[in-house]
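Okay, here's what each chain looks like letter by letter:
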Amino acid sequence: MKKNLILIGLMGTGKTTVGQALANLTNWRQVDCDQWLIQNYGMSIPFIFKEYGEEKFRQMETESLKTILQDDCQVVMTGGGAPLREENRRIMVENGLVIALQADANTIIERVKLDRNRPLLEGNLVERVNTLVEERKGVYDFAQIQIQTDGKTVEEIVSELKGEINKRVSWI
Ligand code: S3P
C-alpha cells in the first residue's frame with residue numbers, strides 16, 4: 001500500500017488538527033486538499049461555490065486529490081465532501097490508509113461556529129450541521145479506520161490512531 005495517511009470526515013471533525021499531529025509523528029509532509037486547491041486554482045472556496053457552483057468545485061476537488069495522491073509519505077487532509085464521489089473514494093483507498101474522524105453534531109457546531117469560510121454552512125448553523133450529518137450518513141464508512149473524537153484530546157486521538165495504524169501497516 002502506498003504510504004499515505006488520508007483523513008476524511010465532516011467539517012469540524014478535527015482533520016486539520018489531527019493531521020498536523022500525525023505529520024509531526026511521522027515526519028511526513030502534511031497536505032491540506034482545500035489549501036492545495038485554493039493555491040492551485042488561485043480562488044477561495046466561497047468564491048468558487050458562488051461563481052461556478054458546487055459541481056465545479058467537486059471537479060476541482062477530484063483533480064486535486066488525483067494529483068496530491070500521486071506522491072507518498074504524506075498526511076492528507078481532505079475536504080469534508082470529498083468522499084461523496086465514488087471516484088474519489090477509489091482514489092483514496094488505492095493510494096493510502098484512509099482514516100475517518102467522527103464527531104457529534106454538537107461538537108461540530110462548537111468547532112466551526114467562528115469560521116465563515118464554509119459555503120455549505122451558510123444560514124442557520126445548527127440546522128445546516130444537523131442536515132449535513134443526516135445527508136452524509138454512511139459516506140465515511142469506507143475508511144479502514146474509524147475514530148470518534150468527541151471529548152478526546154489530540155494526544156488521545158493520535159495515540160489511539162497509532163495503535164490502529166500499527167495493526168495494519170508498519171509505517172510509524
Ligand atoms: C466541504 C468541506 C470543506 C470544503 C468545502 C466543502 C463539504 O472542507 O471542502 O467547503 O462538502 O463538506 P473542510 O471539511 O475541511 O471544512
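Residues numbered from 1 in each chain as written. Predicted model: local features only at pLDDT ≥ 70, side-chain atom pairs only at ≥ 80, totals over all residues. Heavy atoms only, no water.

J.: Got a minute to help me understand the packing of aromatic side chains in this structure?
T.: On inspection of all chains with the given rule, the structure shows three aromatic pairs. Aromatic side chains Trp28 and Trp171 sit 5.7 Å apart centroid to centroid with 50° between the ring planes, which places their arrangement in the tilted category. With a gap of 143 residues between them, Trp28 in the loop between helix H1 (15-26) and strand S2 (29-32) and Trp171 in the segment after helix H8 (154-168) connect regions that are remote in the sequence. We note that Trp28, like Trp171, is buried. Taken together, a centroid distance of 5.0 Å and an interplanar angle of 40° make the contact between Phe49 and Phe57 tilted. With a relative accessible area of 16%, Phe49 lands in the buried category. The buried category is assigned to Phe57, whose relative accessible area is 4%. (Phe/Tyr/Trp six-rings, centres within 6.5 Å; stacked < 30°, edge-to-face > 60°. Helix = DSSP H or I, 4+ residues; strand = E, 2+ residues; numbered from the N terminus. Buried < 20%, exposed > 50% of the residue type's maximum accessible area, 1.4 Å probe, protein only.)

J.: It is not clear to me how the pairing of strand S5 (residues 145-148) should be interpreted in this structure. Could you clarify?
T.: Moving residue by residue along a regular strand, the side chains alternate between the two faces of the sheet. Side chains Ile145 and Ile147 of S5 all project onto a buried face; the interleaved residues Gln146 and Gln148 project onto a face where none is buried. With four bridges joining them, strand S4 (residues 97-102) and S5 adopt parallel strand pairing. What sits directly across from Ala100, in S5, is Gln146. (Pairing = 2+ DSSP bridges.)

J.: When you look at the environment of Thr149 in this model, what are you seeing that I'm missing?
T.: In this fold, Thr149 is placed in the loop between S5 and H8. In this structure the C-alpha to C-alpha distance between Thr149 and Gln20, which are 129 residues apart in sequence, comes to 15 Å. Sequence-distant contacts of Thr149, that is, excluding residues within four places in its chain, are made with Thr13, Leu101, Gln102, Ala103, Arg111 and Ile157. (Contact = heavy atoms within 4.5 Å.)

J.: Is there a simple way to think about the site of the ligand in this case?
T.: Taken together, 13 residues are adjacent to the ligand, and Lys15, Asp34, Arg58, Gly80 and Arg118 come closest. For the ligand, an oxygen atom lies 2.5 Å from a polar atom in the side chain of Lys15. Contacts to the ligand include Gly80, whose backbone N or O atom sits 2.8 Å from an oxygen atom. Here the ligand loses 94% of its free accessible area of 390 Å² to cover by the protein chains. Residue composition of the shell around the ligand, grouped by class: five nonpolar, three polar and five charged. (Near = heavy atom within 4 Å. Polar contact = N/O pair within 3.5 Å; in protein donor to acceptor, adjacent residues only side chain to side chain. Areas by Shrake-Rupley, 256 points an atom, 1.4 Å probe, with all protein chains shown as cover. Nonpolar A, V, L, I, M, F, W, Y, C, P; charged D, E, K, R; others polar.)

J.: Quick question: what am I supposed to make of the pattern of salt bridges here?
T.: Side chains bearing opposite charge may pair, as long as their charged atoms lie close to each other. Per the stated rule, a full pass over the model turns up 14 salt bridges. Taking the shortest distance from any N to any O, the salt bridge between Arg58 and Glu61 comes out at 2.8 Å. Pair noted here: Arg58 and Glu61 are both in helix H4 (residues 54-68), with a separation of three residues, about one helical turn. The pair formed by Arg58 and Glu61 is uniform in burial state, with each residue classed as buried. Close ionic contact of Glu134 with Lys137 constitutes a salt bridge, the shortest N to O distance being 2.8 Å. Residue classification places Lys137 among the exposed positions, given a relative accessible area of 57%. Through salt bridges with shared partners, one network takes in Glu54, Arg58 and Glu61. (Salt bridge = Lys/Arg side-chain N within 4 Å of Asp/Glu carboxyl O.)

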